[in-house]
Amino acid sequence: METTEQKPVMIVGVDDSDHSFYALEWTLDHFLLPSAPNYPFKLVVVHSKPSPTSAIGFAGPGAADVFPFVDSDLKKIAARVVEKAKELCHSKSVNDVHVEVVEGDARNVLCEAVERHHAAMLVVGSHGYGAIKRAVLGSVSDYVTHHAHCTVMIVKKPKTKH
């Protein structure tokens, strides 16, 4: 029986934004080239699906009526993100990829995934929000940089020149 040595895990966080898919593609191109079949990492792609309650943003009267529709939408988005991530990996000949959807806030979901997989690296895209929007929304990349117990790489999508 041959012993397969465990490769360090690299987690890429994705949502339904171009920025996160740019980060995934960049990672595939730079770390998991098919020309180097023995690439150094095991790839895990994580999508955090917001809970319907957090997505609705209120729990008052009427929330219960909206809940099933919001939940159904979030499930559709998650399925689309997973499908797109798998297609992108396959298009780059990276077939050994594990994709998971975890419900919750992306900040916690990604940090917990790092712990669960004992990841060596976490990759996230940068949305390139301005200072005010970032202050209000709180940046996932800022949060994981401070809280994930591994190396964090933030991939910025180059600004498109018109």
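Here we summarise the structure given alongside this text.

Here is what the cut-offs are and how they apply
- Residues numbered from 1 in each chain as written.
- Predicted model: local features only at pLDDT ≥ 70, side-chain atom pairs only at ≥ 80, totals over all residues.
- Heavy atoms only, no water.
- Axes fitted to C-alpha atoms, helices over the stretch in contact; angles between N-to-C directions.
- Helix = DSSP H or I, 4+ residues; strand = E, 2+ residues; numbered from the N terminus.
- Left-handed = near helix turned anticlockwise from the far one by under 90°.
- Contact = heavy atoms within 4.5 Å.
- Nonpolar A, V, L, I, M, F, W, Y, C, P; charged D, E, K, R; others polar.
- Pairing = 2+ DSSP bridges.
- Phe/Tyr/Trp six-rings, centres within 6.5 Å; stacked < 30°, edge-to-face > 60°.
- Buried < 20%, exposed > 50% of the residue type's maximum accessible area, 1.4 Å probe, protein only.
- Lys NZ or Arg CZ within 6 Å of the ring centre and 35° of its normal.
- Salt bridge = Lys/Arg side-chain N within 4 Å of Asp/Glu carboxyl O.

**Notes on the packing of helix 4 (residues 106–117) against helix 6 (residues 140–147)**
Okay, so step 1: For the pair helix 4 and helix 6, interaxial distance at closest approach is 9 Å and the crossing angle is 35°. Two packed elements cross with a definite hand, and for helix 4 against helix 6 that hand is right-handed. Counting all contacts with helix 4, which are made through Ala106, Arg107, Asn108, Leu110 and Cys111, the residues of helix 6 involved are Val140, Tyr143, Val144 and His147.
Okay, so step 2: Grouping the constituent residues of the contact of helix 4 with helix 6 by class yields six nonpolar, two polar and one charged.

**Examining the sheet that holds strand 1 (residues 9–14)**
Okay, so step 1: In space, the five strands of this open sheet follow the order 3-2-1-4-5, with parallel pairing throughout. Each of the sheet's edge strands pairs with one partner strand only, and the pair in question is strand 3 (97–103) and strand 5 (151–156). Between one strand axis and the next, the sheet turns through 25° on average, direction left out of account.
Okay, so step 2: As paired elements, strand 2 (residues 42–49) and strand 3 share seven bridges and run parallel to each other. The residue of strand 3 that forms the bridge with Val45 is Val99.
Okay, so step 3: Contacting strand 1, strand 2 and strand 3, helix 3 (residues 63–91) crosses the sheet at an angle of about 160° to strand 2.

**Looking at the packing of aromatic side chains**
Geometrically, a pair of aromatic rings is defined through the distance of the ring centres and the angle of the planes.
Okay, so step 1: The tally for this structure, following the rule as stated, stands at two aromatic pairs.
Okay, so step 2: Ring geometry for Phe31 versus Phe41: centroids 5.8 Å apart, planes at 80°, classification edge-to-face. Of this pair, Phe31 sits in helix 1 (residues 18–31) while Phe41 is found in the loop between helix 1 and strand 2, placing the two residues 10 residues apart along the sequence.
Okay, so step 3: Exposure remark for Phe41: the relative accessible area of 13% places this residue in the buried category.
Okay, so step 4: Ring pairs connect the aromatic residues Trp26, Phe31 and Phe41, which therefore count as one cluster.
Okay, so step 5: Sitting above the plane of the Phe21 ring, Lys84 keeps its charged end 4.3 Å from the centroid.

**What to know about the pattern of salt bridges**
Okay, so step 1: Tallied over the full model, the rule gives seven salt bridges.
Okay, so step 2: With a shortest N-O distance of 3.0 Å, Lys49 and Glu103 are connected by a salt bridge. Pair noted here: Lys49 is in strand 2 and Glu103 is in strand 3, with a separation of 54 residues, a long-range link.
Okay, so step 3: According to the relative accessible area criterion, Lys49 is buried, its value standing at 7%.
Okay, so step 4: Classification of Glu103 by relative accessible area gives partly exposed; the value is 46%.
Okay, so step 5: As a salt-bridge pair, Lys75 and Asp71 come within 2.7 Å of each other at their nearest N and O atoms. Separated by four residues within a single helix, Lys75 and Asp71 lie in helix 3, roughly one turn from each other.
Okay, so step 6: For Asp71, a relative accessible area of 16% corresponds to the buried category.
Okay, so step 7: The network of salt bridges with common partners includes Lys49, Asp71, Lys75 and Glu103.

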